[in-house]
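Coordinate inspection notes
Okay, here's what each chain looks like letter by letter:
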Amino acid sequence: MVRRKIIALITAMGLAAGGVAACAPEDPTDYITANGSEPQNPLLPGTTSETGGGRIIDLLYSGLVSYDTQGEPYNEVAESIETEDGKHYTIRLKDTYFADGTPVKAQNFVRSWNYVVANSLPMGDSFAAIEGYEEGVPELSGLEVIDDKTFTVALKEVEQDFPVRLGYHAFYPLPDVAFEDMDAFGQNPVGNGPYKAKKWTHYDNITLVPNEEYTGAREVKNEGVKFIFYATLDSAYADLLAGNLDVLDAVPDTSFATYEEELEGRSVNQPVAIFQGFAIPARLEHFSGEEGNLRRRAISHAINREQITDRIFDGTRTPATDFTSPIIPGHSDNLPGSEVLDYDPEEAKKLWAQADAISPWSGEFSIGYNADGGHQGWVDAVTNQIRNVLEIEAVGKAYPDFKSFRDDIQNRTTTGSFRTGWQADTPLLSDFLVATFSTTGSSNDGDYSNPEFDRQLALGKASPEMEEANRHYNLAQEELMRDLPTIPLWYSNTVGGYSEHVEDVVFAWTSFAELDQVRRIEQ
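Residues numbered from 1 in each chain as written. Predicted model: local features only at pLDDT ≥ 70, side-chain atom pairs only at ≥ 80, totals over all residues. Heavy atoms only, no water.

This paragraph deals with the domain arrangement of the protein. When cut into domains, the protein gives domain 1 (63–175) and domain 2 (271–493). Inter-centroid distance (C-alpha atoms) of domain 1 to domain 2 is 32 Å. Residue-level contacts link 13 residues of domain 1 with 16 residues of domain 2. Counting each side, the surface lost to burial between domain 1 and domain 2 is near 1,100 Å², with a carbon and sulfur contribution of 57%. It is Asp125, Asp161 and Tyr168 that lose the most area in domain 1 upon contact with domain 2, and together they represent 37% of the buried surface on that side. On the surface where domain 1 and domain 2 come into contact, there are zero salt bridges. For the interface between domain 1 and domain 2, the tally reads zero residue pairs in polar contact (both at pLDDT 80 or more). Looking at the side of domain 1 that touches domain 2 residue by residue, the class counts come to six nonpolar, two polar and five charged. (Domains from an automatic or database assignment. Contact = heavy atoms within 4.5 Å. Buried area = accessible area lost by both parts, 1.4 Å probe. Salt bridge = Lys/Arg side-chain N within 4 Å of Asp/Glu carboxyl O. Polar contact = N/O pair within 3.5 Å; in protein donor to acceptor, adjacent residues only side chain to side chain. Nonpolar A, V, L, I, M, F, W, Y, C, P; charged D, E, K, R; others polar.)

So, on to the side chain of Asn444. Along the polypeptide, Asn444 turns up in the loop between helix H12 (429–437) and helix H13 (451–462). Polar side-chain contacts of Asn444 include one of 2.7 Å to the backbone oxygen of Tyr448. What Asn444 contacts, discounting residues up to four positions off in sequence, is Arg412, Ala435, Thr436, Phe437, Ser438 and Thr439. (Helix = DSSP H or I, 4+ residues; strand = E, 2+ residues; numbered from the N terminus.)

With respect to burial, strand S9 (residues 205–210) is a largely interior element, five of its six residues being buried. Inspection of the sheet shows strand S8 (residues 195–201) paired to S9 by six bridges, in the antiparallel sense. Along S9, the bridge assignment pairs Lys199 with Thr207. If you look at the hairpin formed by S8 and S9, you'll find three residues sitting between the two strands, and Tyr203 has a positive phi there, around 60°. Pairing of S9 with strand S10 (residues 225–229) involves four bridges; the strand directions are antiparallel. Residue Asn205 lies in a different strand from S10, and its bridge partner there is Ile228. (Buried < 20%, exposed > 50% of the residue type's maximum accessible area, 1.4 Å probe, protein only. Pairing = 2+ DSSP bridges.)

Turning our attention to helix H14 (residues 466–483). An α-helical turn contains 3.6 residues, so a residue and the one three or four places further along point in the same direction. The end-to-end C-alpha distance of H14, which contains 18 residues, comes to 26 Å, matching closely the 26 Å that a straight helix rising 1.5 Å per residue would cover. Lining the buried residues of H14 we find helix H7 (289–301), H12 and H13. (Expected span 1.5 Å × (residues − 1).)

So, about the confidence of the model for the protein. In the predicted model, the protein carries a mean pLDDT of 91, and 95% of its residues have values of at least 70. Low pLDDT, under 50, characterises residues 1–26; the stretch is placed with 151 contacts to residues that sit more than four places away or in other chains. (pLDDT = per-residue confidence, 0-100.)

Now for the sheet that holds strand S6 (residues 143–147). Overall, antiparallel pairing links the four strands, which are arranged S4-S5-S7-S6 in an open sheet. The open sheet has two free edges, formed respectively by strand S4 (78–83) and S6, since each of these has just one partner strand. Strand-to-strand twist across the sheet, computed as the mean angle between neighbouring axes with direction ignored, equals 20°. Bridging between S6 and strand S7 (residues 150–154) involves four bridges; their strand directions are antiparallel. Residue pairing in the sheet places Leu143 in a bridge with Val153 of S7. Contacting strand S5 (88–93), S6 and S7, helix H2 (residues 106–118) runs over the sheet at an angle of about 165° to S6. (Axes fitted to C-alpha atoms, helices over the stretch in contact; angles between N-to-C directions.)

As structure tokens, then:
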């Protein structure tokens, strides 16, 4: 975003605000400082569907599988993940420990997964493939603990890519202590990852320090990480230039033309697995049925994506040709129906007039966004184009911070469209499609439902080979092109930088820096 992927992004989902001072606070320990966002929920893997909490959780916990900088999976806590039929898996664990010194056992995974489903937490549908899954079911019948180091997973259908998905944070284990008081645990989590939580000052910062019990592959190269929650990207970037912030993973659009020169070789601009667009829920007046379909197509044709990515983003975005990302295997840039993404003012006006013949337009068209994420520039540009082409009132609706923005979306109290996006948790086309567009998807914020789309997803997941799976996933995307529940805009690059006080700063395929590898330069 979900993801985190939700669209769950610093660049695609935005930064959360927090009433923090303009520069990072003094600390007696030499932590690596990085920009972050106030987690929307307690720090529990099963409740986190946005990047503010997700990137913290990924440092506090380790899964059965992890991904390297390029997105290649490798076994982390798992010693082995074996199957003979792609439906029944046997998982054996290495000897690893939580930060409190207790061993990570098979039951810690099974109990955690069952808890997420039983309590209908946001990440619950991550387990939908497992036998016995129904929302709120007390236990998944497809999970069985064999011994302390072994458990089995039975899936409803063949899913050959299931092991790859096990690196997603929904599948992280929880220690026994978590189940004594889950709310309290979420404020003071005990994970099994390379870091442990030291102090969380809400809406200000959170400090993580190395976990001495961790023996995995992600060796920590620093004394700790402090995430600073900035009110705006401009403030964070100003601190980076002043040497008060070490790592920034999103440069404000106002600095796109100058950041490379200003950072003097300490910047990055590289493709990552991030999709951006804006959702138009069918519950909005004028956007259901045939009228809604016509208006969505008209709005899409009214947007000049190439002009905006050139002028607003200075080449740090690429116009979208689908709903995924060009760095993901199986991506297509010529899906049938993708011509709806072409800038065509005359076609836009024609489609809008046809919709007016069904029901005359009234009111204004708005795009909601969080003001603390650097989105105003592109929202203004998109709404200006819609206004000029369709001759309607189109405006941006700014929320003060990411949390209030997401709360309104989750409560279904938005009164217009809203920006959305997806940052992949796994290097799969399905990662972009299942949670956000399937009928039961945990991040399906527009409440989209299409039986044929769902059917193609199911066929893709059951395919024995990834080539066949990707064919079905792209057929599912053809349904999205016809329905346009979300208007695709562009793909993001990681556009970030780091201070002259640190080295070994590498940005991964997820768009985030590998903070465990960042070193402080001796002064």
